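Inside the fold
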Protein chains: 2
Amino acid sequence: MRNPPALEQLVESLRCLPGVGPKSALRMAYHLLQRDRKGASGLALALDNALQVVSHCGSCNTFSEQPLCPLCASTDRDSRLLCVVEMPTDLMMLEQTQAFRGKYFVLMGKLSPLDGVGPREIHLDKLIKRAQNNIVEEVILATNYTVEGEATAHFISELLRSRGLKVSRIARGLPMGGEIEHVDSSTLAQAMMERRLVG
Amino acid sequence: MRNPPALEQLVESLRCLPGVGPKSALRMAYHLLQRDRKGASGLALALDNALQVVSHCGSCNTFSEQPLCPLCASTDRDSRLLCVVEMPTDLMMLEQTQAFRGKYFVLMGKLSPLDGVGPREIHLDKLIKRAQNNIVEEVILATNYTVEGEATAHFISELLRSRGLKVSRIARGLPMGGEIEHVDSSTLAQAMMERRLVG
């Protein structure tokens, strides 16, 4: 006696979600089919829709439904400052501090060779082109102060400084091992203000 | 600066999964859109397909793509014995022990008034009809030995005994508070063999 094939397929498909193993996937599938069919069909729709309309901003690389995200399209921002972050969540946290009026570049990840994430996966070619537009005067590295975030910042600073760009790093006001997403706004604002030149 | 609407919608939709809060949902959405678009579209397809083809067996109430599941359609099984379990996982665990050759009824849950799960949600009307077909001679209650499982077994036994049916309960060979899904096969087989009459 086994589960019907379509159910097994659903369990298998749910495992593409990060942190979901075989037991959770089975529990999720049962829950959806038994208690929340409306939620399940909403999820299928939202997945399809997001896959269709969500792409990346041509300038800052964050998720966007338009070729240029609202922040990149804005004329209010200081185009001479370019802040590099790992994820869109980090960008949103920085925006909440209101301590930065420049523009952003979102890596969509961090260097992590063991997970197969190299310079190409975090779009460093795109970043180099973006930083060398003769308008950007300073690149501020606001990756996390974790091991991978630090390595990523180091790698990028070498890359950009060898091309004659001024590179800074947000101050180590964040606790060691901490992640931007979880820090309070005032600490983050402090770190942004106390950024230091690299090299 | 906020996430694009289609992304927000996806995050919201992912929260219908049990155990997924706002932060996990955001992490899942980023992961799907950034690293596993193929998985995401596979998941959407699997959800749609499962919703379309997976329904319930008309006889035992388990998930099935046919009106009658393979086990209910089988002529090899002893139709005089009806074993009541909470979930399809429990049914499969019992089948693995090979200690039972009768038929099943799957409640698809347990009585849990605080979660809004009453007699109707666990299909007791369907069970009563199923048990009163003049073929079933004994109903074996194989719900978990948890508080809710015990309450469910008690409720069902009262219901069926008042209709003149013989009702038994699998032996308390399972550890207290334990769940059928997690117990080893030999303990479970023992519990099936040592089932005792109620009342």
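Within each chain, residue numbers correspond to sequence positions counted from 1 in written order. Chain letters start at A and ligand numbers start at 1, both assigned in the order the entries are written. Note on the predicted model: pLDDT of at least 70 is required for a residue's local features to be given, and 80 or more for side-chain atom pairs to be given and counted; whole-chain, interface and lining totals, by contrast, use all residues. The side-chain numbers reported here are obtained from all heavy atoms of the structure, hydrogens and water having been left aside.

So, about the relation of the copies chain A and chain B. The copies are overlaid by a least-squares fit using only the C-alpha atoms of residues whose pLDDT is at least 70 in both copies. Overlaying chain A with chain B gives an RMSD of 0.0 Å, the required rotation being 180° about an axis along which the chain moves by 0.0 Å. Expressed as an axis order, the relation between the two copies is that of a two-fold axis. Taking the C-alpha atom as reference, chain A places A:Ala44 closest to the rotation axis, 2.1 Å from it. A symmetric contact is evident, with 100% of the interface residues of chain A recurring at the interface of chain B. When checking whether two residues touch, look at their non-hydrogen atoms; a contact exists if any pair is within 4.5 Å.

To continue, consider the UniProt feature "zinc finger region: C4-type" (unreviewed entry) in chain A. Here, the residues flagged by UniProt with the feature "zinc finger region: C4-type" (unreviewed entry) are residues 57-72 of chain A. Helix and strand assignments follow DSSP, with helices taken as H or I runs no shorter than four residues and strands as E runs no shorter than two, numbered in order from the N terminus. Spanning residues 57-72 of chain A, this segment combines 19% helix with 12% strand, and its end C-alpha atoms are found 8 Å apart. UniProt positions are given in the numbering used here, feature names are shortened, and annotations may be inferred rather than shown by experiment.

So, about the packing of helix 1 (residues 5-14) of chain A against helix 2 (residues 22-35) of chain A. All names here are of chain A. Orientation is described by lines fitted to C-alpha atoms, with helices fitted over the stretch in contact, and by angles between N-to-C directions that extend from 0 to 180 degrees. It is at 8 Å that the axes of helix 1 and helix 2 come closest, and there the two elements cross at 125°. Relative to helix 2, helix 1 is oriented oblique. Crossing hand, helix 1 versus helix 2: right-handed. Along the contact surface, helix 1 presents Leu7, Leu10, Val11 and Leu14, while helix 2 presents Pro22, Ala25, Leu26, Met28, Ala29, Tyr30 and Leu33. In terms of residue class, the contact of helix 1 with helix 2 is made up of eleven nonpolar, no polar and no charged. Roughly parallel here means an angle under 35 degrees, roughly antiparallel means over 145, roughly perpendicular means 65 to 115, and every remaining angle is called oblique. We call a crossing left-handed when the near helix sits turned anticlockwise from the far one by less than a right angle, and right-handed when that turn is clockwise. Lys, Arg, Asp and Glu make up the charged group, whereas Ala, Val, Leu, Ile, Met, Phe, Trp, Tyr, Cys and Pro make up the nonpolar group; the residues left over, Gly among them, are polar.

This paragraph deals with the pattern of salt bridges. Residues and elements named next belong to chain B. The salt bridge definition used is simple: a Lys or Arg side-chain nitrogen within 4 Å of an Asp or Glu carboxyl oxygen. Under the defined criterion, the tally for this structure stands at eight salt bridges over all chains. In this structure, the salt-bridge partner of Asp78 is Arg80, at a minimum N-O distance of 3.1 Å. Working definition: with a 1.4 Å probe on protein chains only, accessible area under 20% of the residue-type maximum means buried, over 50% means exposed, and in between means partly exposed. A relative accessible area of 23% means that Asp78 is categorised as partly exposed. Across the pair Arg169 and Glu150 runs a salt bridge whose closest N-O atoms are separated by 3.0 Å. Of this pair, Arg169 sits in strand 6 (residues 166-169) while Glu150 is found in helix 7 (residues 147-161), placing the two residues 19 residues apart along the sequence. Residue Arg169 is classed as buried on the basis of its relative accessible area of 3%.

Turning our eyes to something else, we now look at the side chain of A:Ser112. Tracing the backbone shows A:Ser112 in the loop between strand 4 (102-106) and helix 6 (124-131). In the analysis that follows, any N or O atom pair within 3.5 Å is treated as a polar contact, provided that within protein one partner can donate a hydrogen and the other can accept it, and provided that, for residues neighboring in sequence, both atoms belong to side chains. Looking at A:Ser112, its side chain comes within polar contact range of the side chain of A:Asp115, at 2.8 Å.

On the chain B side, the residues contacting the 61 residues of chain A number 61 residues. At the boundary of chain A with chain B, total buried surface from both sides reaches about 5300 Å², with 71% on carbon and sulfur atoms. The tally of links between chain A and chain B comes to zero salt bridges. Applying the counting rule to chain A against chain B returns eleven residue pairs in polar contact (both at pLDDT 80 or more). Of all elements in the fold, only helix 1, helix 2, helix 3 (37-53), strand 1 (55-56), strand 2 (63-64) and helix 5 (88-97) of chain A reach the threshold of two or more residues within the side of chain A that touches chain B. Among the elements that line the side of chain A that touches chain B, the one with the most residues is helix 3 of chain A, at 14 residues. The term buried area refers to how much accessible surface (probe radius 1.4 Å) is lost by two components on association, counted for both of them together.

In this document the domain limits rely on a domain assignment from an automatic tool or a database. Each domain of chain A was delimited in the assignment, giving domain 1 (5-53) and domain 2 (63-197). Placing the centre of domain 1 of chain A and that of domain 2 of chain A at their C-alpha centroids yields a distance of 34 Å.

Scored by pLDDT, chain A comes out at a mean of 88, with 93% of its residues at no less than 70. Averaged over each element, pLDDT in chain A is lowest for strand 7 (residues 196-197) of chain A (62) and highest for helix 3 of chain A (95). Residue-level confidence of the predictor, termed pLDDT, takes values from 0 up to 100.

Mapped onto the elements of the fold, A:Ala40 is located in helix 3. On the accessibility criterion, A:Ala40 (1% relative accessible area) is buried. Sequence separation between A:Ala40 and A:Gln52 is twelve residues; the distance between their C-alpha atoms is 18 Å. Contact partners of A:Ala40, with chain neighbours within four places excluded, come to A:Leu32, B:Cys16, B:Leu47 and B:Leu51.

Any pair of Phe, Tyr and Trp rings, taking the six-membered ring for Trp, is counted once the centres come within 6.5 Å. Such a pair is stacked with planes under 30 degrees apart, edge-to-face with planes over 60 apart, and tilted for the rest. Per the counting criterion, the structure on display carries four aromatic pairs over all chains. Seen from their ring centres, A:Tyr30 and B:Phe63 are 5.5 Å apart, and the 35° between their planes marks the pair as tilted. Residue A:Tyr30 is located in helix 2, and its partner B:Phe63 is located in strand 2 (residues 63-64); the two belong to separate chains. Summarising the burial analysis for this pair, A:Tyr30 and B:Phe63 share the class buried. Lying across the ring of A:Tyr145, A:Arg169 places its NZ or CZ 4.1 Å from the centre. Each ring is checked for a lysine NZ or an arginine CZ that lies within 6 Å of its centre and within 35 degrees of its normal; such an atom marks a charge sitting over the ring.

Attention shifts here to helix 1 (residues 5-14) of chain B. Within helix 1 of chain B, burial applies to B:Ala6, B:Leu7, B:Leu10, B:Val11, B:Ser13 and B:Leu14. End-on, the buried residues of helix 1 of chain B take up no more than an arc of 165°, which puts them together on one face. Structural note: helix 1 of chain B exposes B:Pro5 and B:Glu12 on the side pointing more than 90 degrees away from its buried face. In this structure, the buried residues of helix 1 of chain B make contact with helix 3 and strand 2 of chain A together with helix 2 (22-35) of chain B. This arc corresponds to the set of directions leading from the helix axis out to the C-beta atoms.

What follows is about the pairing of strand 5 (residues 138-141) of chain A. Residue and element names in this part refer to chain A. The alternating pattern of strand 5 places Glu138 and Ile140 and Val139 and Leu141 on opposite faces, both of which are buried. Criterion used throughout: strands pair if DSSP finds at least two bridges between them. As paired strands, strand 5 and strand 6 (residues 166-169) are joined by four bridges and run parallel to one another. Directly across from Glu138, in strand 6, lies its bridge partner Lys166. Handedness of a crossover is defined as follows: orient the strands so they point away from the viewer, and if the path from the first strand over the helix to the second runs clockwise, the crossover is right-handed. The parallel pair strand 5 and strand 6, bridged by helix 7 (residues 147-161), forms a crossover whose chirality is right-handed.

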